[in-house]
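Observations on the model geometry
The primary structure of each chain is shown beneath.
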Amino acid sequence: MKRAQRNSVLVHVAAIVTSVVILAPFLWMVMASITPQRILITTPLQWIPDELDLSRYVQIFTGGSEGVGATFRAAMLNSIIVAVGTVTISMIVGILGAYAFARLKFRFRRAILMTFLASYMLPQIALLIPLYLILNTAGLLNTKTGLILVDCAIVIPFVLWVLSNYFMTIPEELEEAARIDGTTRLGALFWVVLPAAKPGLFAAIMFAFLLAWDEFMYALIFTSSDVAKTLPVALSEFAGRYTTDFGLVAAGGILAALPPLIVAVIFQRYIVSGMASGAVKG
Amino acid sequence: MVRSKRENQARLAFWLLIPAGVAVFGVIVYPILRTLLISFFEVTSALATDTPFVGFNNYLEVLSNSTFWASMGRTLYFTLISTSLELCLGLLLAGLLNAKLRARWLFRAIVVIPWAIPTIVSAAMWKGVFNAQYGPLNAMLSQLGIIDQYQAWLGDPTTALNMVILADVWKSTPLVAFFLLAGLTAIPNELYEAAKLDRASWPRIFRSIVLPMLIPSISIVLVLRTVEAFKVFDIIYVMTRGGPVNGTQTIAYYAYTTAFSDQNFGVGSALSYVIVIVILALSAIYLRLLRRSEMSLL
Amino acid sequence: MIIKNARTNRLTVGIGLLSLGALLLSGCSLTGASTSNESKEGDGTGAINALFMKQAGYSEDNVNAMIADFESKNPDITVEPTFVAYEALHDKIVTSAPAGTYDVVHLDVIWPADFASKGLITDVTDRFPATWTDEMLGGALTSAEYQGKYYGAPWGPSTKLFYFNKEMVAAVGATEADLTTWDGALAVATKIKAAGLAEYPFSWSWSQAEALICDYAQLLGAFGGAFTDADGKLVVNDAAGVEALTWMKKTIDDGLTDPASITFLEDDVSKSLSAGKTAMALNWESTFRDSNDASISTVVGKVGVLPTPAGPTGEHPGVNGSMALSIGAQSTNQAAAWKFIEYMTSQSVQEQYVTSSMTNWKSSYTKTDLAASNPEVFAAAGVAYDTMILRPTVANYNSVSQILQVEIQNALLGKKTPQQAMDDAVEAANATIG
């Protein structure tokens, strides 16, 4: 009993230490975003500034074309459109494909799945040059459509893998009962498998969203203006009115991290249940 | 009867997989062939119309370049250190995530944060943390009396590379931990119970139950993180831009500068192909090794 | 290789054949660039996109004010500006070129050779008024010229000036006269350090970036050297080139230069000066404006500015950091783009924003009322623009600069002797210049 108690205390201490290590740099970034630049660059560092400065957030939310505000808001919108577009397409395509992998018997099933997964190993840099030239010929350079197209190629293999693993854990009897009643395979997929696969679906959505939101290299090369530029690219080019103000980068970074953070915290409990079988049978 | 049912299934599978196949391989197959083609020509501008055929010269140029080999070495170092750190810390963290904790949901929500933060944001954040003028790392260490002068953490090639690794570990360990946690929760409780009845020690339980059951998860994470680490670009782009003295120039960043800063698209393509070959070789070795270890453990 | 099923196999082969076919059809060129010569002139109206640099020189506010004014004078043209950090500007111009995203791009003096030889910017020699060649400063003109042709209009000359913290310099009993030579500046720095006024009196932009080459160029000039010889070959391993580097390394060893300089860009140097940590530094003209902005500076009114100090030869050329505006090669609205460039680079507009960037019109410098609006910088810059040192004008400048950056840093970090580093740089760079 005593030993169990000591273990429990140890585990809690470890969890608290871990939390501090994870949160500390992030909290500093939050502080930096509301510390005036004049104070931010002084030594010794004032951990808690004697004066708060919310002007960067004001600038980002209301600033016109004279600051980073307009670019940031355009990029936020672009990122949302690209991420939502990519997730939607990848989920639809992925659900169909994953069902085939999980339920249907056909030759080289495993080999085809492996080919999909292997495509993830190709470094983006190897596709960058011709994709860039092709998108240019197709008039898709600097467009959100072009970006969604190339992002889907990254996200779909992941979705296929997570979903096909999850579908396999759903008892086949459920589906068979429905099919005896005359439902088609696709009908069974929609009315029986999907409702039972919620954790897997949520885990897949979360993965897909984070991947699409985080994508940098394609966006860096394929977009060049506010029309299609996504947040990661906008942030990498962030600079203040006169000099690069770290506080402004911090404020922009925090806002850019909010959508994926919200998605992750909400869906976090599905990662484990949605992946539980996935990781094992991969 | 059985045979035709099977054929039906194959036909359905074909139609179900076509959209995914087109969306993925439609974007990949043609570019990969075209990269191969471009790698045999001299292309010095994105608008070039005069592109002489140079055979294997671009490959020779890459392989005879000392900068290439240095970048390759650094990339391997980055991959090896960051992946092994993430795996070890990830295992510990997974155990912690799985432990009986008050407010476990809160802990899990905190751990998910670095994973959710976009790589660019986390790189910018760490660049700020390591800043030689106003970085909080300097402030903290000097206020604690550990250093008496502010250090340029990104000012020495070796230190800078290690700092970049640190940033990568902070960002990626939670992902690894959640993958392993998924594997951990799949271990039936009876196994632990049985081991406890046998009065097995924790290290023994870990070695003879947990680790073998986790091998599939570990192998996936290992391949995934190795490939990711080998492709590392965005952290470098934001934190150091390859400096100082090219000390953080990884192979992907080198390929990027060759193609898009120096506008040497032919050599850049050849370089990309070399990277593909290395990654495929690395993954093949990995999978083979793991398959062997899996068999010996089971 | 993984064996696929027959159907997928057929599919893959199909896609492969299709793509090869498409490649052959589009086969006019490997890059997909068209060779057609249709007019890209446009009708002189409509929307144009312009790519600008942020930070030094004209601020975003300045540029936006100029655009607003231009649009009110030319109601049938609208200008959509995009601002990127200097470090991202070169690659952005490259990657946006084929799509023709930008009608107007902001050019650094080191790029005309690169972009012009690769066809990314438009030859505007026919539009370029002959009188401009006489009316503009020679140093500024080079920012838009390559092999006798013009590829844009100069938009402000620029060089690095010498900034110093007046309080610190006065506290050790030194005057501006002591800061006219690098020897003098070193002596003052030693006193400032001894007096404990600054841990490291100097800071520099010596990170692995173009900024390093700018600082080196200025010191190279002071030691009487040049980057290239008459044949265009790099010669920085000669006496002057090595001496300049040896001097840089010595200031680090003597504790006069902030060792963190190796991670600094100009912006960090400006911050260090503004935070009162640095006593002396080289930086662009607009640093004076920034150091006097109370929202980001703690040394308002305490910063002085001089031309760059002289070396042992008595020479003190500033690095030529002029900029220009060019028309993107794929722009389909070139007439309107040129109208905009003409307006932005005009003498009256440049004079109006002279606190941000100096003008490249010679006659501006004889106007006393104009000099009075920014007297300190005018005094320093007037001298500096007399002689400027040019970085190599080679088509693959980017690679040459990369090589130099790495080797200079190798010497600064003590990994190579200055002579060894420069020998290696010259060997590698001349191999790529070919």
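What this report covers is the structure whose coordinates are included nearby. (Residues numbered from 1 in each chain as written. Chains lettered and ligands numbered in written order. Predicted model: local features only at pLDDT ≥ 70, side-chain atom pairs only at ≥ 80, totals over all residues.)

Brief notes about the overall build of chain B
The helix and strand inventory of chain B stands at 12 helices and 0 strands. For chain B, the α and β elements follow one another from N to C terminus as α-α-α-α-α-α-α-α-α-α-α-α. The proportion of buried residues among the 298 residues of chain B is 50%. Sequence-distant contacts, at least 24 apart, represent 70% of the contacts inside chain B between residues at least 6 apart. (Helix = DSSP H or I, 4+ residues; strand = E, 2+ residues; numbered from the N terminus. Buried ≥ 20, exposed ≤ 12 C-beta atoms within 10 Å, placed from the backbone. Contact = placed C-beta atoms within 7 Å.)

Comments concerning the overall build of chain A
Looking only at helices and strands, one finds 13 helices and 0 strands in chain A. Its helices and strands taken in sequence order, chain A reads α-α-α-α-α-α-α-α-α-α-α-α-α from the N to the C terminus. The C-alpha extent of chain A, read off along each of the three principal axes, is 70 × 70 × 35 Å. Burial status across chain A gives 56% buried among its 282 residues. For chain A, contacts bridging at least 24 residues in sequence account for 76% of all contacts bridging at least 6.

What to know about the interface of chain A and chain B
Often the size quoted for an interface is simply the accessible area lost on bringing the parts together. The interface is formed by 77 residues belonging to chain A together with 78 residues belonging to chain B. Looking at the side of chain A that touches chain B element by element, the count peaks at 19 residues for helix H13 (residues 246-281) of chain A. When the residues that make up the side of chain A that touches chain B are grouped by side-chain class, the tally is 60 nonpolar, 13 polar and 4 charged. (Nonpolar A, V, L, I, M, F, W, Y, C, P; charged D, E, K, R; others polar.)

Section: helix H16 (residues 375-384) of chain C
Considered for burial, the residues of H16 of chain C that qualify are Val377, Phe378, Ala380, Ala381 and Ala384 of chain C. Taken together, the buried residues of H16 of chain C touch strand S7 (161-165), helix H12 (287-291), strand S9 (303-306), strand S10 (318-319) and helix H15 (368-373) of chain C.

Considering the pairing of strand S1 (residues 46-53) of chain C
Walk down a regular strand and you will see the side chains alternate between the two sheet faces. Residue and element names in this part refer to chain C. Extensive coverage of S1 is indicated by the burial of 6 of its 8 residues. Sheet analysis places S1 next to strand S2 (residues 77-84), joined by 8 bridges and oriented parallel. Within the sheet, the bridge partner assigned to Leu51 lies in S2 and is Thr82. Pairing between S1 and strand S3 (residues 104-108): 2 bridges, direction parallel. Following the sheet pairing, Ala50 is matched in S3 by Val104. (Pairing = 2+ DSSP bridges.)

Regarding the sheet that holds S2 of chain C
Residues and elements named next belong to chain C. One open sheet accounts for 5 strands, arranged S2-S1-S3-S11-S6; its pairing is mixed. Taken across any chain shown, the strands that pair with only one partner, and hence form the sheet edges, are S2 and strand S6 (153-154). Contacting S1 and S2, helix H2 (residues 60-73) runs over the sheet at an angle of about 170 degrees to S2. Sitting on the sheet, helix H3 (residues 86-96) touches S1, S2 and S3, and the angle it makes with S1 is about 135 degrees. (Axes fitted to C-alpha atoms, helices over the stretch in contact; angles between N-to-C directions.)

Some remarks on the packing of helix H4 (residues 69-103) of chain A against helix H10 (residues 198-214) of chain A
Residues and elements named next belong to chain A. At a closest axis distance of 9 Å, the pairing of H4 and H10 adopts a crossing angle of 140 degrees. With respect to H10, the axis of H4 lies oblique. H4 and H10 meet at a crossing whose hand is right-handed. Counted together, Ser79, Val82, Ala83, Thr86, Val87, Ser90, Met91 and Gly94 of H4 and Ala204, Ile205, Ala208, Phe209, Ala212 and Trp213 of H10 form the full contact between these two elements. By residue class, the composition of the contact of H4 with H10 is 10 nonpolar, 4 polar and no charged. (Parallel < 35°, antiparallel > 145°, perpendicular 65-115°, else oblique. Left-handed = near helix turned anticlockwise from the far one by under 90°.)

Here we look at the sheet that holds S9 of chain C
Residues and elements named next belong to chain C. What the 3 strands build is an open sheet, ordered S8-S7-S9; its pairing is antiparallel. A single partner strand is all that each edge strand has here, and the edge strands are strand S8 (280-283) and S9. On average, each strand axis in the sheet is inclined to that of its neighbour by 30 degrees, with strand direction left out of account. In this structure, S7 lies alongside S9, joined through 4 bridges in antiparallel fashion. Residue Phe162 lies in a different strand from S9, and its bridge partner there is Leu306. Helix H11 (residues 266-274) contacts S7, S8 and S9 of the sheet and is inclined by roughly 145 degrees relative to S8.

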